[in-house]
Amino acid sequence: MQPSGEQETNRPLVEEALTRLLYRQAMVGVLGTVMVPGLISWVVRDTVPWVYLGFWLTLMFSIALMRSVTIRRFGSSELSREEMPAWKRRFFLQVMLSAVSISVGALLFLNNVDLTHQAVIICILAMFAAAGLSTLAGHFQGYVAFALILLLPQMMFFLQTRRPDELVLALLIGIFLAVLLPTARGQSELMVRSVSVGFENKNLAEHLGEALKWANSATEAKSAFVANMSHEIRTPMNGILGMLQLLQQGPLDVRQRDLVQTADDSSRTLLAILNDILDFSTIEAGALQLEKRAFSPGNAAEEVAVLLAPGAFAKGLEMTCAVDPRLPSRMEGDPTRFRQLLLNLVSNAIKFTDKGEVHLRLLTGRGERLRVEVEDTGVGIPAEAREDIFQPFQHSDDLSMRRPGGTGLGLSVCRRLVDTFGGEMGVKSEVGQGSMFWIEVPFPALPNSASDPLQVPEGSFERKNVLIVGAPSCTDGILGSYLTWWGLAVTLVDSAAEASRAIQDQDYELIIANLRLSDGSGRRFLSEMPNVDAAKVLLVPPGLQVDDEKVAQSSGIVLLERPVRRYHLLLTLSEMIGTPMALPEATSETRRPQQPGRILIAEDNPVNQKVARLMLEQLGFDPVIVANGSEAVTKMIEQEFDLVLMDCRMPELDGFQATSQMRGLEVETGHRVKIIAMTASVLPGDRERCLAAGMDDYMGKPLDFDVLRSTLDRWLPQDTEDEAAEGGAD
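Just so it is clear, the model here is predicted, and its values are computed rather than measured.

Overview of the sheet that holds strand 16 (residues 624-626)
Part 1: Taken in spatial order, the five strands of this open sheet run 16-15-17-18-19, and their pairing is parallel. Looking at strand neighbours, the two that pair on one side only are strand 16 and strand 19 (697-700), the edges of this open sheet. Taken pair by pair, the neighbouring strands of this sheet meet at an average axis angle of 20°, ignoring direction.
Part 2: Two elements, strand 15 (residues 599-602) and strand 16, share three bridges in a ladder whose sense is parallel.

Set out below in structure tokens:
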């Protein structure tokens, strides 16, 4: 069909609109430029030297960075219609550079792997080629070149081998291209026609609506691509991390435990990278949904500090967590995203600090906002790089700041999360001296709960004296502030000799000593103190095996790990020198005495079945396993269960349909089973969708042993054995 005169007149307008739409949708391609080489490198990591993989990944990261800069420049510039062709050429040159680099790298690696890994690499390239259609749909010729560059060399590689199995792969690539390219032509014509109609009708509102529609369509395609990639990666990651957690709980020698721990750390690093990319994509799409519920920021900060402290102490760093006693104990906000902020910031501080200290502080900021400060004594950040580090895929050019691992997304995700909270984030730094990242967020304060474990009854510690001996300077001030706030009188000394003199001058109800003193051992000092009637507490690093813990206990010494949590300190005080208080634990870490429960696992993946079964057996359960939703419903009819772990994506009947049918059965039986979603779908809204379908709770994959245990503690009946015993007696 020949174009009309009006279409010819509108062609420059159409080309301008398509070019602008091209840049608006370009971030999915940048993400793919990083993700696809990363996934291929993970596949071939055992057969290709890391030197080559590192060079290739560095090249692809540089290309992604270059494309990000180009996209940013385009978005920040006011460009005329005449400049559009040049920007379009620049865009496609960079796209083709990405495609050539990925294709050549994959082609070189195909010689080093077996047929199964070759098929996986081809699947990754095919998914990337299909995902590129969402961005390049309005430019058919450019998209054809992109798809052929990615897949045609691989097809030729398999054809020239003439081996039957590889000829089958070549045939599959050819079929895929034969289906993909006509589809691309249809979508390209549809997009061009849609944009042209807007201009032909001279209706600006309709044109903008059409452009917005296509932009939303591209965003949905990007979200679907990232969600599917996340789901598919999390499924094998569940098997890897699950088995490693189970291995760590078994009998291992020192070398075996070190190897398992290294594998576990590497897997969690990969999972953290995946989460960063997923969070970045979610925030970019404007799909992030924040919770609003009561939580304790102080408890959250202490949980993060306790989680990361072993890694800090292993590097020889001192790590502290200080919560201003005047800070409200309960605030309203999103505890999950708040913990994510703290984990990112504190992990970064530990990563970039080789000696010295890392401090996490919670304070009251301006206008009653919650203020968080994470300070380190690391390498510092040059002034010219302090804004760049908050941009996606950015690392400082200063070689002294380079550290292996990471996507360059962590601080970008933090900044965007803080913006979503309606808060502010900044950094103060001196090169060679360290950095201090701060955030202020408007979390409203809530009234204190009557069951708050940190509420100290008036007079509990009246006229009680405490001596702190040899605590690190960054720790003694924190301990002193807590103890003073609770009404105790505190004396600080640096050495055992000074402590001995202080004890002669005054009586103390409690003596707290650091494990290592400037003039000896803190444990020996506490054990050998003559004629001192005082409770004794020894501060130890996290996870430290004291030389002879039995000796410490026989001497009446209580061990307290650093960084010290307020609840543990208060509980120790109440038991040793005050009125013992029945304090509820401030977190969900307590374990329910294990009882047998009737648990059904509905999961179609054999590896995931095995992980869930072994974890439950480790906790003392004997679960029943089915492979799809239909079998789960049938099993529910045959016998009664207390709890169901329900995968959401299963054949025949998915988890949502199975839950609906189970809830229908409960109307007749009168027994309501607890159904917990167990899924690799972790996008915003997935949890809410599970709860809306009738499920009671939600666990994301990879499964975490402690999360599984706490979930069972929360939902399984506590008195199963007692009821069974009573039934037998009757």
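A closer look at the environment of Val36
Part 1: When you line up the elements, Val36 lands in helix 2 (residues 27-44).
Part 2: Classification of Val36 by relative accessible area gives buried; the value is 4%.
Part 3: C-alpha separation for the pair Val36 and Phe128, spaced 92 residues apart in sequence, amounts to 7.3 Å.
Part 4: If sequence neighbours within four positions are ignored, Val36 has contacts with Ile102, Ile124, Leu125 and Phe128.

Looking at the pattern of salt bridges
Part 1: One pass over the structure, following the stated rule, counts 25 salt bridges.
Part 2: Across the salt bridge formed by Arg369 and Glu424, the nearest N and O atoms sit 3.4 Å from each other. One end of the pair, Arg369, is in the loop between strand 4 (357-364) and strand 5 (370-376); the other, Glu424, is in strand 6 (residues 424-430), and 55 residues separate them in sequence.
Part 3: Taking relative accessible area as the criterion, Arg369 reaches 22% and is therefore assigned partly exposed.
Part 4: For Glu424, a relative accessible area of 36% puts it in the partly exposed group.
Part 5: In this structure, the salt-bridge partner of Lys701 is Asp647, at a minimum N-O distance of 3.5 Å. Highlighted residues: Lys701 in the loop between strand 19 and helix 23 (705-715) and Asp647 in the loop between strand 17 (643-646) and helix 21 (655-669), separated in sequence by 54 residues.

Description of helix 7 (residues 140-161)
Part 1: If you check helix 7, its first and last C-alpha atoms are 31 Å apart, about what 22 residues at 1.5 Å a residue would give, namely 32 Å.
Part 2: At Ile149, helix 7 shows its largest kink, close to 35°, and the proline Pro153 lies no more than four residues downstream.
Part 3: Downstream of helix 7 by one or two residues, Arg162 has phi in the positive range, about 60°.

Topic: the environment of Leu454
Part 1: Relative to the assigned elements, Leu454 resides in the loop between strand 7 (434-441) and strand 8 (465-469).
Part 2: Separated by 113 residues in the primary sequence, Leu454 and Tyr567 place their C-alpha atoms 6.5 Å from one another.
Part 3: Once residues within four sequence positions are removed from consideration, Leu454 is found in contact with Trp486, Arg566, Tyr567 and Leu570.

Describing unusual backbone geometry
Part 1: The omega torsion of the bond from Arg562 to Pro563 falls at -10°, within 30 degrees of zero and hence cis.
Part 2: Within the secondary structure, Pro563 is located in the loop between strand 14 (557-561) and helix 18 (566-576).
Part 3: Non-glycine residue Glu652 carries a positive phi angle of around 70°.
Part 4: Within the element layout of this structure, Glu652 appears in the loop between strand 17 and helix 21.

Considerations on the packing of helix 11 (residues 297-314) against helix 12 (residues 335-351)
Part 1: Running from amino to carboxyl end, helix 11 crosses helix 12 at an angle of 30°, the nearest separation of the two axes being 10 Å. It follows that helix 11 is roughly parallel to helix 12 by the angle criterion. The two elements helix 11 and helix 12 cross, and the hand of that crossing is right-handed. Residues Pro297, Ala300, Ala301, Glu303, Val304, Leu307, Leu308 and Ala312 of helix 11 lie in contact with helix 12, whose contacting residues are Phe338, Arg339, Leu342, Leu343, Val346, Ser347 and Ile350.
Part 2: Among the residues forming the contact of helix 11 with helix 12, the class breakdown is 12 nonpolar, one polar and two charged.

Details of helix 12
Part 1: With 17 residues, helix 12 should reach 24 Å at 1.5 Å per residue; the first-to-last C-alpha distance of 24 Å fits that figure.
Part 2: Every buried residue belonging to helix 12 is among Pro335, Arg337, Phe338, Gln340, Leu341, Leu342, Asn344, Leu345, Val346, Ala349 and Ile350, and all of these are buried.

Some words on the sheet that holds strand 2 (residues 318-323)
Part 1: The strand order across the open sheet built from five strands is 2-4-5-7-6, with neighbouring strands paired in mixed fashion. At either margin of the open sheet sits one strand with a lone partner, and together these are strand 2 and strand 6. Neighbour-to-neighbour, the strand axes of the sheet open up by a mean angle of 10°, direction not taken into account.
Part 2: Examined bridge by bridge, strand 6 and strand 7 share seven bridges and lie antiparallel to one another. Note that in strand 7 the partner of Gly426 across the bridge is Trp438.
Part 3: Here helix 11 sits on the sheet and contacts strand 2, strand 4 and strand 5; the angle it forms with strand 2, its principal contact strand, is near 175°.
Part 4: Helix 12 rests against strand 2, strand 4, strand 5, strand 6 and strand 7 of the sheet, and its axis sits at about 20° to strand 5.

Brief notes about the packing of helix 19 (residues 606-618) against helix 23
Part 1: Between helix 19 and helix 23, the least distance of the axes is 11 Å, while the angle of their chain directions is 65°. Pair helix 19 / helix 23 crosses with right-handed handedness. Only Phe705, Leu708 and Leu712 of helix 23 make contact with helix 19, whose side of the interface consists of Met615, Leu616 and Gln618.
Part 2: Classifying every residue of the contact of helix 19 with helix 23 by side-chain character gives five nonpolar, one polar and no charged.

Comments concerning a nonpolar patch on the surface
Part 1: A surface patch of nonpolar side chains, amounting to about 470 Å² of accessible area, comprises Val168, Leu171, Leu172, Ile175 and Val179.
Part 2: Looking at where Leu172 falls in the secondary structure, it is placed in helix 8 (residues 164-200).

Comments concerning the side chain of Arg67
Part 1: Checked against the element boundaries, Arg67 lands in helix 3 (residues 50-76).
Part 2: Judged by its relative accessible area of 6%, Arg67 falls in the buried class.
Part 3: At 3.2 Å, the side chain of Arg67 forms a polar contact with the side chain of Thr33.
Part 4: Apart from residues no more than four positions distant in its own chain, Arg67 is found in contact with Ala26, Gly29, Val30, Thr33, Phe91, Gln94, Val95 and Ser98.

Parameters and conventions
- Residues numbered from 1 in each chain as written.
- Predicted model: local features only at pLDDT ≥ 70, side-chain atom pairs only at ≥ 80, totals over all residues.
- Heavy atoms only, no water.
- Pairing = 2+ DSSP bridges.
- Helix = DSSP H or I, 4+ residues; strand = E, 2+ residues; numbered from the N terminus.
- Axes fitted to C-alpha atoms, helices over the stretch in contact; angles between N-to-C directions.
- Buried < 20%, exposed > 50% of the residue type's maximum accessible area, 1.4 Å probe, protein only.
- Contact = heavy atoms within 4.5 Å.
- Salt bridge = Lys/Arg side-chain N within 4 Å of Asp/Glu carboxyl O.
- Expected span 1.5 Å × (residues − 1).
- Bend = angle between axes of the 7 residues up to and from the residue.
- Parallel < 35°, antiparallel > 145°, perpendicular 65-115°, else oblique.
- Left-handed = near helix turned anticlockwise from the far one by under 90°.
- Nonpolar A, V, L, I, M, F, W, Y, C, P; charged D, E, K, R; others polar.
- Patch = residues over 30% accessible without salt bridge, like charges linked within 9 Å, V, L, I, M, F, W, Y side chains within 5 Å.
- Areas by Shrake-Rupley, 256 points an atom, 1.4 Å probe, with all protein chains shown as cover.
- Polar contact = N/O pair within 3.5 Å; in protein donor to acceptor, adjacent residues only side chain to side chain.

Shape is all these values report; function is a separate question.
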